[in-house]
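# Close look at the chain arrangement
One letter stands for each residue in the lines below.
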Amino acid sequence: MPNGTVNDDTIVHRWRSGFQCFCMNATRLFLLLMAVWLSGCADTRYYWQSLRGQWQLMQAAEPIAQLLTRDDLAPPLRQRLSTSQAIRDFAVADLHLPDNASYRRYADLRRPYAVWNVVAAPEMSLQPRTWCFPVAGCVSYRGYFAKADALAQADALRSQGLEVYVYGVPAYSTLGWLNRLGGDPLLNTWVNYPDGDLARLMFHELAHQVLYVPDDTMFNESFATAVERLGVQRWLQTQATPDTRETDARLAQRRQEFRDLTRRTRDALWQIYAAQPTASGSTETKALKNRAMQAFRDAYAQLKLRWGGYAGYDDWVAQANNASFAAQAAYDQWVPGFETLFVREGRDWRRFFDAVRQLSQQDAAARAAQLDAWTRAAQSASSALAISTSSRSMASIGWAQAASW
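Presented here is an overview of the structure given in this document.

What counts, and where the lines are drawn
- Residues numbered from 1 in each chain as written.
- Predicted model: local features only at pLDDT ≥ 70, side-chain atom pairs only at ≥ 80, totals over all residues.
- Heavy atoms only, no water.
- Salt bridge = Lys/Arg side-chain N within 4 Å of Asp/Glu carboxyl O.
- Helix = DSSP H or I, 4+ residues; strand = E, 2+ residues; numbered from the N terminus.
- Buried < 20%, exposed > 50% of the residue type's maximum accessible area, 1.4 Å probe, protein only.
- Contact = heavy atoms within 4.5 Å.
- Phe/Tyr/Trp six-rings, centres within 6.5 Å; stacked < 30°, edge-to-face > 60°.
- Lys NZ or Arg CZ within 6 Å of the ring centre and 35° of its normal.
- Disulfide = S-S within 2.5 Å.
- Expected span 1.5 Å × (residues − 1).
- Pairing = 2+ DSSP bridges.
- Core = buried A, V, L, I, M, F, W, Y, C linked by side-chain atoms within 4.5 Å.
- Axes fitted to C-alpha atoms, helices over the stretch in contact; angles between N-to-C directions.
- Left-handed = near helix turned anticlockwise from the far one by under 90°.
- Nonpolar A, V, L, I, M, F, W, Y, C, P; charged D, E, K, R; others polar.
- Polar contact = N/O pair within 3.5 Å; in protein donor to acceptor, adjacent residues only side chain to side chain.

## Focus: the pattern of salt bridges
Oppositely charged side chains can pair when the atoms bearing their charge come close. Counted under the stated rule, the structure contains 20 salt bridges. Among the ionic pairs, Glu-163 bridges to Lys-289, the shortest N-O distance being 2.5 Å. With Glu-163 in strand S7 (residues 163-169) and Lys-289 in helix H10 (residues 283-306), this pair connects stretches of sequence that are 126 residues apart. Assigned by exposure class, Glu-163 and Lys-289 land together as buried. Here the salt bridges do not stand alone but share partners, grouping Asp-197, Arg-200, Asp-248 and Arg-255 into one network.

## Section: the environment of Phe-325
Counting through the fold element by element, Phe-325 comes out in helix H12 (residues 322-332). Setting aside its immediate chain neighbours within four residues, Phe-325 contacts Leu-126, Thr-262, Thr-265, Arg-266, Leu-269, Met-293, Phe-296, Trp-316 and Ala-320.

## Considerations on the packing of aromatic side chains
In total, this model carries 27 aromatic pairs according to the counting rule given. Judged by centre distance (6.1 Å) and plane angle (70°), the ring pair of Phe-296 and Trp-316 falls under edge-to-face. A residue pair is termed long-range when its members are at least 10 positions apart, and Phe-296 in helix H10 and Trp-316 in helix H11 (residues 314-319) qualify at 20 residues. A relative accessible area of 1% places Phe-296 in the buried class. On the numbers, 6.1 Å between centres and 80° between planes, the contact of Trp-349 with Phe-352 is edge-to-face. Of this pair, Trp-349 and Phe-352 both sit in helix H14 (residues 349-360), separated by three residues, roughly a single helical turn. Judged by its relative accessible area of 0%, Phe-352 falls in the buried class. Ring pairing ties together the aromatic residues Tyr-165, Tyr-167, Phe-258, Phe-296, Tyr-300, Trp-307, Tyr-310, Tyr-313, Trp-316 and Phe-325, which thus form one cluster. Between the NZ or CZ atom of Arg-254 and the centre of the ring of Tyr-310, over which it lies, the distance is 3.7 Å. Across the ring face of Phe-219, the terminal group of Arg-367 is positioned such that the distance to the ring centre comes to 5.5 Å.

## Quick word on the state of the cysteines
Enumeration according to the criterion identifies one disulfide in this entry. Two residues, Cys-132 and Cys-138, share a disulfide whose sulfurs are 1.8 Å apart. Disulfide Cys-132-Cys-138: torsion about the S-S bond near 100°, hence right-handed. Judged by its relative accessible area of 22%, Cys-138 falls in the partly exposed class.

## Some words on H10
Between its first and last C-alpha atoms H10 spans 35 Å; for 24 residues at 1.5 Å apiece the expected length is 34 Å, and the two agree. Residues Thr-285, Lys-289, Ala-292, Met-293, Phe-296, Tyr-300 and Leu-303 constitute the buried set of H10. The positive-phi residue at the C-terminal boundary of H10 is Gly-308, with phi of around 75°.

## Overview of the pairing of S7
If a strand is regular, its side chains alternate between the two faces of the sheet. Of all seven residues making up S7, six are buried, and the element is well covered by its neighbours. Of the pairings in the sheet, the one linking strand S3 (residues 115-121) to S7 comprises seven bridges and is antiparallel in character. The residue of S7 that forms the bridge with Ala-120 is Val-164.

## A short note on the nonpolar core
Judged by nonpolar contacts, the single largest core of 86 residues is most densely connected at Phe-223, Phe-338 and Phe-352. Top contributing element to this core by residue count: helix H8 (residues 217-238), with nine residues. Not counting chain neighbours up to four residues away, the residues in contact with Phe-352 comprise Phe-223, Val-227, Phe-338, Leu-341, Phe-342 and Glu-345. Counting residues in hydrophobic clusters, the runner-up holds 14 residues, among them Ala-120, Phe-133, Val-139 and Leu-162.

## Some thoughts on the packing of helix H9 (residues 242-274) against H12
One can describe the packing of H9 onto H12 by two numbers: an axis separation of 10 Å at closest approach and a directional angle of 115°. Both H9 and H12 take part in a crossing whose hand is left-handed. Contacts between H9 and H12 involve Phe-258, Arg-259, Thr-262, Thr-265, Arg-266, Leu-269 and Tyr-273 from the first element and Asn-322, Phe-325, Gln-328, Ala-329 and Asp-332 from the second. Considering only residue class, the contact of H9 with H12 consists of five nonpolar, four polar and three charged.

## Overview of the sheet that holds strand S2 (residues 105-107)
Adjacent strands of a sheet form backbone hydrogen bonds with each other and so pair up, either parallel or antiparallel. Here three strands make up an open sheet; going across it, the order is S1-S2-S8 and the pairing mixed. Pairing within the sheet leaves two strands with one partner each, and these edge strands are strand S1 (62-63) and strand S8 (186-187). Across the sheet, helix H3 (residues 44-60) is in contact with S1, S2 and S8; its angle to S2 comes to roughly 115°.

## Here we look at the side chain of Ser-222
Tracing the backbone through its elements, the reader meets Ser-222 in helix H8. Only 2.9 Å separates the side chain of Ser-222 from the backbone oxygen of Met-218, close enough to count as a polar contact. For Ser-222, the side chain forms a polar contact with the main-chain oxygen of Ala-330, separated by 3.2 Å. Look past the residues within four positions of Ser-222 in its chain and what remains in contact with it is Ala-330, Tyr-331, Asp-332, Gln-333, Trp-334, Val-335 and Phe-338.

## Side note on the sheet that holds S7
Strand order in this open sheet of three strands is S6-S3-S7, and the pairing throughout is antiparallel. Looking at which strands have only one partner, the edges of the open sheet turn out to be strand S6 (142-144) and S7. If you compare each strand with its neighbour and ignore which way they point, the axes differ by 25° on average. Relative to S7, H12 is tilted by about 50°, and along the sheet it contacts S3 and S7.

Here is the structure:
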């Protein structure tokens, strides 16, 4: 999702003057329909904040090609914009992602995130609450352009006995619906990411324009995450400098170790909740949950030591609860399954996308079963490889010791 703030007088003036002729302009009518998609019709206030936020974001965007011709453009921003366009071109030429207006414009929103998402889950379950909207279907989060609104929603959900997670989102996809109006812009919230992460996020959001299945957040996000990972592997191999590859490898290693830790914790919590006798959870179930969460925090502390004190995940760990684990599961759960499908299709992007579209035509239970099977197979193969590699390493150590004796 996009991030930044648009509170300056110029943008506010554009919003007010633009709104006066909103109903008479077909383009703005389309924005109105998009706001319905983003927010649903459940309450007027949420509807209007979605409409206003999307409108302000689009009004703040300028064509990157024009920005690059300006003499007063700051050199660091010029470099980042140029890099972003090279990555955008690569996405089309090498990954066969959509060639359209998205990420050809840039907006400085003057805030750290495009939106803030709210996720909620019961005290004894990893099943997130869902909200249902026209077009988008049911999703396991609710987005706000103002952090204060997100925090207010979080308080309301906590009052219902739910565990809640609020997080900032640097970019989001409108699924290609706004490409005729300039598309999704590149934002200040992620333009300064390291090159590998800039590519990841762009590939992820463009993947949502390839395919989006209503009512299936885990399918959509796991697919987009697989595209991001596979795409950035190719980009690093063919486009990145040695320094960029080294930096990305270090970041990716930390990211994977943290994902592995959270996956193990999710699995432990799922087993605990599956065995509980009541929905509210027994005293024993709650004690098991607390032990699992403490084990997670202890393991993270050990990771930090190995990382030399890197604290990039501290905020996530501090908030860790059922809602945050549920949110992450949507992005990670079936990634190995989609990666397996990519290999089965000969690592051909067009064939892969066609196969994913065919998979999406199955009913939810059937595609979930297929992805579960591919994911388990991939994880088993990965574990076997790790054991084999470890055995070879131990054999090498033994040989070296024997030689030294």
